[in-house]
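# Commentary on secondary and tertiary structure
The chain contents come next:
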Amino acid sequence: MARRLAAILAADVVGYSRLMGADEQGVLDRLRVLQDQIIDPLVAQHNGRIFKVMGDGFLGEFSSVVDAAACAVAWQDASLKHEATKASELRIRFRIGINLGDVIVEGDDLYGDGVNIAARLEAIAPIDGICLSEDAWRQVRAKMDHVWEPMGPQQLKNVAEPIGAYSLTRGEGAAVPSGAASDQSSTNSGKSGVKPSVAVLPFDNMSHDPEQDYFSDGITEDLITELSRFRTLTVVSRNSSFVFKGQAVALTEAAQKLGVRYVVEGSIRKAGGRVRISAQLIDGHQDRHVWAERYDREIKDIFEVQDDVVRRVASTLVDRLEFERHERALAKQVKDMQAYDLYLQAREHLFAWSEASNLRAIELLEQATEREAGYAPALALHSEARLRQWLNGWSAQPEADLAEARRLGKLAVEADAGDSRTHTAMGMACLFTRDPDMARHHFQSAMRLNPNDTRALAYMSRYSALNGDTAGAIDLVNRARELNPFGKYSWNLAVAMFAGRRYDEAAAAIANISEPNAAVLAIHAASLAMLGHDAEAAAARARFEAVRDTTRMLREASDGETIGRFFAERWPFRDPADAQALSEALDRAGITKAG
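In short, a report on the structure. (Residues numbered from 1 in each chain as written. Predicted model: local features only at pLDDT ≥ 70, side-chain atom pairs only at ≥ 80, totals over all residues. Heavy atoms only, no water.)

A word on the overall build of the chain. When you go through the chain residue by residue, the secondary structure sums to 24 helices and 14 strands. For the chain, long-range pairs separated by at least 24 residues make up 66% of all intrachain contacts whose partners lie at least 6 apart in sequence. In the structure as shown, the chain presents an accessible area of about 25,200 Å², 48% of it carried by carbon and sulfur atoms. (Helix = DSSP H or I, 4+ residues; strand = E, 2+ residues; numbered from the N terminus. Contact = heavy atoms within 4.5 Å. Areas by Shrake-Rupley, 256 points an atom, 1.4 Å probe, with all protein chains shown as cover.)

As a further point, take unusual backbone geometry. A positive phi angle, near 60°, is found at Asn-47, a position not held by glycine. Judged by relative accessible area, Asn-47 falls into the exposed class, the value being 53%. (Buried < 20%, exposed > 50% of the residue type's maximum accessible area, 1.4 Å probe, protein only.)

The end-to-end C-alpha distance of helix 20 (residues 518-530), which contains 13 residues, comes to 19 Å, matching closely the 18 Å that a straight helix rising 1.5 Å per residue would cover. Among the 13 residues in helix 20, 11 count as buried, and that is most of the element. Taken residue by residue, helix 20 has Ala-518, Val-520, Leu-521, Ala-522, Ile-523, His-524, Ala-525, Ala-526, Ser-527, Leu-528 and Ala-529 as its buried positions. Where helix 20 begins, the side chain of Asn-517 points an oxygen toward the backbone nitrogen of Ala-519, at a separation of 3.2 Å. Just downstream of helix 20, Gly-532 is the residue with a positive phi angle, here 80°. (Expected span 1.5 Å × (residues − 1). Polar contact = N/O pair within 3.5 Å; in protein donor to acceptor, adjacent residues only side chain to side chain.)

Moving on: the packing of aromatic side chains. Any pair of aromatic rings gets described here by the distance separating the centres and the angle formed by the planes. A complete count under the given rule lists 10 aromatic pairs for this structure. Taken together, a centroid distance of 5.8 Å and an interplanar angle of 80° make the contact between Phe-58 and Trp-75 edge-to-face. Of this pair, Phe-58 sits in strand 3 (residues 57-62) while Trp-75 is found in helix 2 (residues 65-83), placing the two residues 17 residues apart along the sequence. Comparing Phe-58 with Trp-75 shows no difference in burial state: the two are buried. Here Phe-566 and Phe-567 contribute two aromatic rings whose centre-to-centre distance is 5.2 Å and whose plane-to-plane angle is 85°, an arrangement assigned as edge-to-face. With respect to burial, Phe-566 and Phe-567 carry one shared label: buried. Over the aromatic face of Trp-390 sits the side chain of Arg-570, whose NZ or CZ is 4.2 Å from the ring centroid. (Phe/Tyr/Trp six-rings, centres within 6.5 Å; stacked < 30°, edge-to-face > 60°. Lys NZ or Arg CZ within 6 Å of the ring centre and 35° of its normal.)

Turning our eyes to something else, we now look at the pairing of strand 13 (residues 274-283). Counting buried positions along strand 13 gives seven out of 10 residues, so the element sits mostly inside the fold. Inspection of the sheet shows strand 12 (residues 262-271) paired to strand 13 by 10 bridges, in the antiparallel sense. Directly across from Gly-266, in strand 13, lies its bridge partner Ala-279. Between strand 12 and strand 13, which follow one another and run antiparallel, lie two residues, and Gly-272 among them has a positive phi close to 60°. In the sheet, strand 13 pairs with strand 14 (residues 288-298) via 10 bridges, with the strands oriented antiparallel. Paired with Gln-280 across the bridge in strand 14 is Ala-292. (Pairing = 2+ DSSP bridges.)

With that out of the way, let us pick up the environment of Leu-350. Here Leu-350 is to be found in helix 10 (residues 337-350). Its relative accessible area of 4% is what places Leu-350 among the buried residues. In the structure, Leu-350 is positioned 10 residues away from Arg-360 in sequence and 8.4 Å away in space, judged by C-alpha atoms.

A separate point is the pattern of salt bridges. Counted according to the given criterion, the structure contains 28 salt bridges. Ionic pairing is found between Glu-569 and Arg-570, a salt bridge with its closest N-O pair at 3.2 Å. Overall, the relative accessible area of 27% leaves Glu-569 in the partly exposed class. Linked by salt bridges that have partners in common, Arg-4, Arg-49 and Glu-61 make up one network. (Salt bridge = Lys/Arg side-chain N within 4 Å of Asp/Glu carboxyl O.)

Let's shift gears to the side chain of Ser-461. Structurally, Ser-461 is set in helix 16 (residues 454-466). Filtering out sequence-adjacent residues up to four positions away, Ser-461 remains in contact with Ala-473, Leu-476, Val-477 and Asn-492.

Here we come to the side chain of Thr-424. Locating Thr-424 in the fold gives a position in helix 14 (residues 420-432). With residues near it in sequence (within four places) discarded, Thr-424 still touches Phe-443, Ala-446, Asp-453, Arg-455 and Ala-456.

Next up on the list: the nonpolar core. One finds Phe-498, Ile-523, Phe-567, Trp-571, Leu-582, Leu-586 and Ile-591 to be the most contacted residues of the largest nonpolar core, which totals 66 residues. Once residues within four sequence positions are removed from consideration, Trp-571 is found in contact with Arg-434, Leu-466, Trp-491, Val-495, Phe-498, Ile-523 and Leu-582. Core analysis: the second largest hydrophobic core is formed by 43 residues, Leu-227, Phe-303, Tyr-340 and Leu-344 among them. (Core = buried A, V, L, I, M, F, W, Y, C linked by side-chain atoms within 4.5 Å.)

Following this line, the structure appears as structure tokens:
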């Protein structure tokens, strides 16, 4: 048998059977165009050859791994651009795997482990992404201007030894189109191929002091955040878990309502300088205890307790975890316990969603970062609080607050670029300071670091809507809803629909918002006006006028031009035509003529 060393590229269409079921001839025609106009020319351009085509899959050989990886990046970028005009659920999207290995040559065909490993790597690659074996990564890491995400050792099907792997995602991140969940590969997820799902219920405050609720709630949210970092778990968000706060509910019922198999619950008693934490993991399907533990520690050891609970849950629910990869992410950098306590109090105030509570959160966060200057979560939360002042029109100095939000976001990322919260805060600040490319970079970083971060998904949806990708924005909202079934995403959906000129759906989404603010009511009136529903639009405008004074900038506005500027600043469209459409809709509703 003739053998040689080769870089093998394996590519496959995501959800091919589903696509064929929806439009068989159309998919075949588009795939043929993709091969003729994009795939074959790019492979030839990068000194490679396609040696096998299998309907929805391609195998290619390259003499250089760098050429193979560069071809894969160009392939993904070009195919994403080609399919951008199609409905998201109908787009042809690829996964690509690349391996450097020994192959068996038989005529024009190639066989052996070198080919098999590339095909297995393709199966675990992210949608719109590329997965390299460690051997291939070593060849490209210093020769390509891309950041490859370490995936750790992977136990690939029919491959004896674990293979180190690295991934790169193109497009809008790893968001999955509606209806395509069954096509999503899950690594390290056990024999079933489905990620273990878990919810952390609010830990009970056993201190007999209601004012200590913020502490037990903060510990709960930290556990949710840390568990969410693991790609091998699906973790229900804080908003969904906290629906059960203070409720006497059977854990099996909670698991059923949250759509998870496992539930973590516990209690916290804080007294003086000590804390007692009890935690247990329950299998909600079988109604059985998996493990339970009680910790009696000094308050300064709280982070060690958190990490131990996280490790126990994670190591129980997945076959393998690359703890080395998470070591830095799980390490708490704050050393001043009072700074941490101030941060927890500020977080509680931020969830109250009022001008007074937001200002109090800012005060507490300023104190926290005075005590510990490089405290990344506090810097990120402070950035969000400043942005919230500006977004809601509460700020007495709007330009200063917006600039401060970006400054703090930058400091947060510099303090800890491995925390999704810092990238989410910076992404939000960049979006509203009209730096969309940098916003996209940070949102993608946040989703890569924490695939369960529903806030990053929600704000990435806002980014997509304002940058002309309505279908992508809706996909991201749907993904957030899957992770957070009790979340309130009607406004995110309304923004996507309104930006896409789908005014009937925008109005329907806003109708589901129980306590709309002035800005929401204005967009509701604008949507109804564009539909020609003049009486309903007038009623929505009247509601807008009734609550307008709750927004400082709108309260102080004396002319329609100022009101129009308020909305134009908070809807930073990339396309001027979209901004003009917003202005015309507000004019038609009479919003920008109010005063």
